[in-house]
Structure formats: structure tokens, C-alpha cells
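So the chains spell out like this:
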Amino acid sequence: MQQYFRFIIQSWPLLAFGFVSIFWGNFGQSFFISWYGAPIQDSLGLSAGRYGSLYSLATLASGLLIMTFGGLIDRLPLRYFATAAALGLTAACLVLAFAFHPLMLLLGLFLLRFCGQGLLPHTAQTTMARHFDDDRGKALSVSASGVPVGEVVLPIAAVALIASLGWRGSWGVIALVTLAIYIPLITWLLRRSPIDANQVPATASAKVLARSAGRREMLRDYRFWLALPTVLGGPFMITGIFIHQGFILAEKDWTAAWLATCFIAYGVTHWVAQLVTGILIDRFSAQGVLRVVLIPLMTAVFLLAYVDGHWVAPPFMMLLAMTIGAGSPVGGALWAEVYGTAKLGSIRSLMSSLMIISTAISPIVLGVLIDQDLSLTTIFSRVGWALLVAIVLVQFSYKPQQPKPDQPSPP
């Protein structure tokens, strides 16, 4: 931990920018929005199915558009891009606060997912990966800690705001604090950071730009396709598991209260896994850590499939958290290591889009399997074997070595 303390002291303004941006992005994450589902449905007279359809449509639209707009971080000054994302989040909150029709709700949810789940974390992690080299893993881990902190703090805040101000009033408060706190705070932090936030990253160095690969090169690289199941496997599976947790509870005879208690272990493990992974990335490279990142998830799935008992829930949740906690810093560092940093925003926006789309599809896939009346053992044993195939494929993708900064490794 001394490595982290020294690193944070030396680079705190830029690290704080990344942490705060990811923390603010939690307002667009499913775990936060879920607290508003019931009051929104009651207020607008929506069935659960119709509300879920609007939410899925908004998520898919967000995933598709971030592929285009996320790349602008390579061509716009960081301060302007981050401010634009924050203003988009503010607009989302205001639209939701005044949403009296399903179409307004759809627009608000889209902007919330696009700017909150999408652009703000994309801004933070692209900045960490681009501006840190030897300490890239630790930088990505520190900034990504905004997610587990948000998982602990924000549900309590949501419940308190809804109870005191109603769901509309609470979105108005979020819009206000984004304008009054987040935008001035990131402006102050960027002024104290060692980078020029008013400079266009992609034109900062012609040499860096010339030696960096972009989306086309990545999509033509066979190693990318071998690694893709591992990169998307964690978010895909964990989203499906959480959405259909009712099926798991019934099959394993666990209570909702027991699983909720296990989320404490999940949150702590998530945070610790991120910090440890940051150190491992800086020592062994993201390409090396990528090869083992799905092993905890595969172990969790096989444990769920074949072992019964209430005691299974805590290790199951902790193993899930190990994969999801390691996945964020590994995914953030991998593309910078292999393809350079000048076009990193374009590459990361494509990956963010694929991740969002995969998380929108996964509940459907798992739901179809459940609707076929397959047992939990049958479903998750198949999932476990699929994860094993992904682990085998990734062994033949990127070599576990640290490439030179801003220079893509040869295919």
C-alpha cells in the first residue's frame, strides 16, 4: 500500500479528477437507477415490462452512440469534453425531473446512461491510461475505486432523497450538485494537474500519433478477437446473474436478505481486487493479467452449479467481485499498452459500446435459458465451460509483456 500512498501524494490532482468523474458516473449506473424504478412506474403508470423495455432501449442507444461520440476525446481538449459530459448528465437529470410522459422518460434514461454510465467513466479511464505510463495500473485502479465507493454511499443517498423530496426532486438535486460541485471541482483539479487540459491530445505529439494504432488496426488484429470473450465475459455474465438473481435465490434456497448481506463482501472484494490488480499490471503488464482475469468468475460459476448450501453465497460473491474488480483496470490499461495512446479514446469508446451492448443482451440470453425450464446446474455448468473456452483462447492473444510506451506491439 505504500506504493499507492506515494503515488497518490505525487499525482493527486489528476487521480482525484479520475476518481470523482467515475463516482459521478454512478448516477447513470443500474445499481443507482434501480432505486427509482418503482416510484417512476407508479408515477407514470408503467408496467414493469414497459419500463424495462424503455430502459433497455435507452441502454442500447447509449451503447451505439458512444462508439461515435466517445472518440471525440481524442480531438477535443479534456476540460471541454469532461464539461460537456457533465452538462449532458445535468440535462438528463432535469429531463427526468420533469418527465410526465414515457417518451420524456426514454430521453432522460438515454442521456443518463450515455453520459453517466458511458462518457464520464470513459473520460476518466482514457485520461488515466493516456497520461500515466509506469504507474498506469495504479492510476486506473485508484480512479475506478469511484465505483465501489458509490455502491456503498449512493443507495443510502437515493433512499434519503426519495423519502424527503420525492423521485423528481431528487433528480433535481443531482442536477444542481453536478453544476455547483462537479464542474467547478474538476476545473480546479485539472488546473493543478501536470497536463494541459486545454490541449488536444491527438495533436499534442505528431510522433505519438504516427506510432499509435486505431480502431481499424485493432479490428484487423487476430489477437483482439481471441481476447474479446475475456474482456466482455465479466460484465456480460455478472449483469445476467444480478438481473436474474431471483432465479438463483429460488434454486439455491437463499433468502434475499442473505444475498444482500453478502453484497458487503462483494463491495470490499471489488475494491481490494482493483487496487491489487493495479500493482500487478504495473509489474506484469495488463496483457499478462488478462490471461487469468476470468478464472475467479469461472470458479464462481462452477461453485454455483455444483455446490449447495448457504455458505456458498459469500465465496460466490467474492469470486464475482474479483473478476469485475480486476476487469476495469486491465481493460483500461490493455489498449494503451498494445495500440498506443494517441487514438485511445476512439478505441475505448468502441470497447465501451461493445460492453454496454453485451450487458443489455446478457439478461435476454440467460432469460431464454431459464424459460426453457433448464435447471440451475445445467445452465451454469454450460456457462462455466464457455468461460473455460474464453480462458483458453486468451492464452493465444496478447503476449504477457510490457510494450514500449505509445508504440503498438507487433501483431
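Residues numbered from 1 in each chain as written. Predicted model: local features only at pLDDT ≥ 70, side-chain atom pairs only at ≥ 80, totals over all residues. Heavy atoms only, no water.

(A) Inspection of the overall build of the protein chain at higher detail. Helix and strand counts for the protein chain come out as 18 helices and zero strands. The principal-axis extents of the C-alpha atoms in the protein chain amount to approximately 55 × 50 × 40 Å. Split by element, the accessible area of the protein chain, about 17200 Å² in all, is 69% carbon and sulfur. Charged side chains of the protein chain number 25 positive and 17 negative; the gap between the two group centres comes to 10 Å. (Helix = DSSP H or I, 4+ residues; strand = E, 2+ residues; numbered from the N terminus. Areas by Shrake-Rupley, 256 points an atom, 1.4 Å probe, with all protein chains shown as cover. Lys, Arg positive; Asp, Glu negative; His and termini not counted. Charge placed at Lys NZ, Arg CZ, Asp CG, Glu CD.)

(B) Main features of the nonpolar core. Counting residues in hydrophobic clusters, the biggest one holds 123 residues, and the most contacted among them are W171, W335 and F380. It is helix 16 (residues 313-339) that contributes the most residues to this core, 15 residues altogether. Once residues lying within four places of it in the same chain are set aside, the contact partners of F380 are I241, F247, I248, V301, L304, A305 and L366. (Core = buried A, V, L, I, M, F, W, Y, C linked by side-chain atoms within 4.5 Å. Buried < 20%, exposed > 50% of the residue type's maximum accessible area, 1.4 Å probe, protein only. Contact = heavy atoms within 4.5 Å.)

(C) The arrangement of the state of the cysteines in detail. A full pass over the atoms with the stated rule returns zero disulfides. Here C93 stays unpaired: no disulfide links it, and the sulfur of C115, its closest cysteine neighbor, is 9.5 Å away. (Disulfide = S-S within 2.5 Å.)

(D) Representation of the pattern of salt bridges in the model. The tally for this structure, following the rule as stated, stands at five salt bridges. Among the charged side chains, a salt-bridge network with shared partners connects D135, K138 and D282. (Salt bridge = Lys/Arg side-chain N within 4 Å of Asp/Glu carboxyl O.)

(E) Up close: unusual backbone geometry. Despite not being glycine, D253 shows a phi value in the positive range, around 60°. Inspection of the secondary structure assignment puts D253 in the loop between helix 12 (245-252) and helix 13 (256-284). A relative accessible area of 57% means that D253 is categorised as exposed. The backbone phi angle of S285 is positive, close to 80°, even though this residue is not glycine. Mapped onto the secondary structure, S285 falls in the loop between helix 13 and helix 14 (286-290). S285 sits in the buried class, given a relative accessible area of 0%.

(F) The confidence of the model for the protein chain, seen in detail. On average, the protein chain scores 86 in pLDDT, and the residues at 70 or more come to 92%. Considering only residues more than four positions removed or in separate chains, one finds that residues 402-407, a stretch of pLDDT under 50, has 17 contacts. (pLDDT = per-residue confidence, 0-100.)

(G) Representation of the packing of helix 7 (residues 136-144) against helix 16. At a minimum axis distance of 9 Å, the contact between helix 7 and helix 16 shows a crossing angle of 140°. Between helix 7 and helix 16, the angle falls in the class oblique. Two packed elements cross with a definite hand, and for helix 7 against helix 16 that hand is right-handed. Judged by residue contacts, R136, G137, L140, S141 and A144 of helix 7 engage S328, P329, G332, A333, A336 and E337 from helix 16. When grouped by side-chain class, the residues that make up the contact of helix 7 with helix 16 number five nonpolar, four polar and two charged. (Axes fitted to C-alpha atoms, helices over the stretch in contact; angles between N-to-C directions. Parallel < 35°, antiparallel > 145°, perpendicular 65-115°, else oblique. Left-handed = near helix turned anticlockwise from the far one by under 90°. Nonpolar A, V, L, I, M, F, W, Y, C, P; charged D, E, K, R; others polar.)

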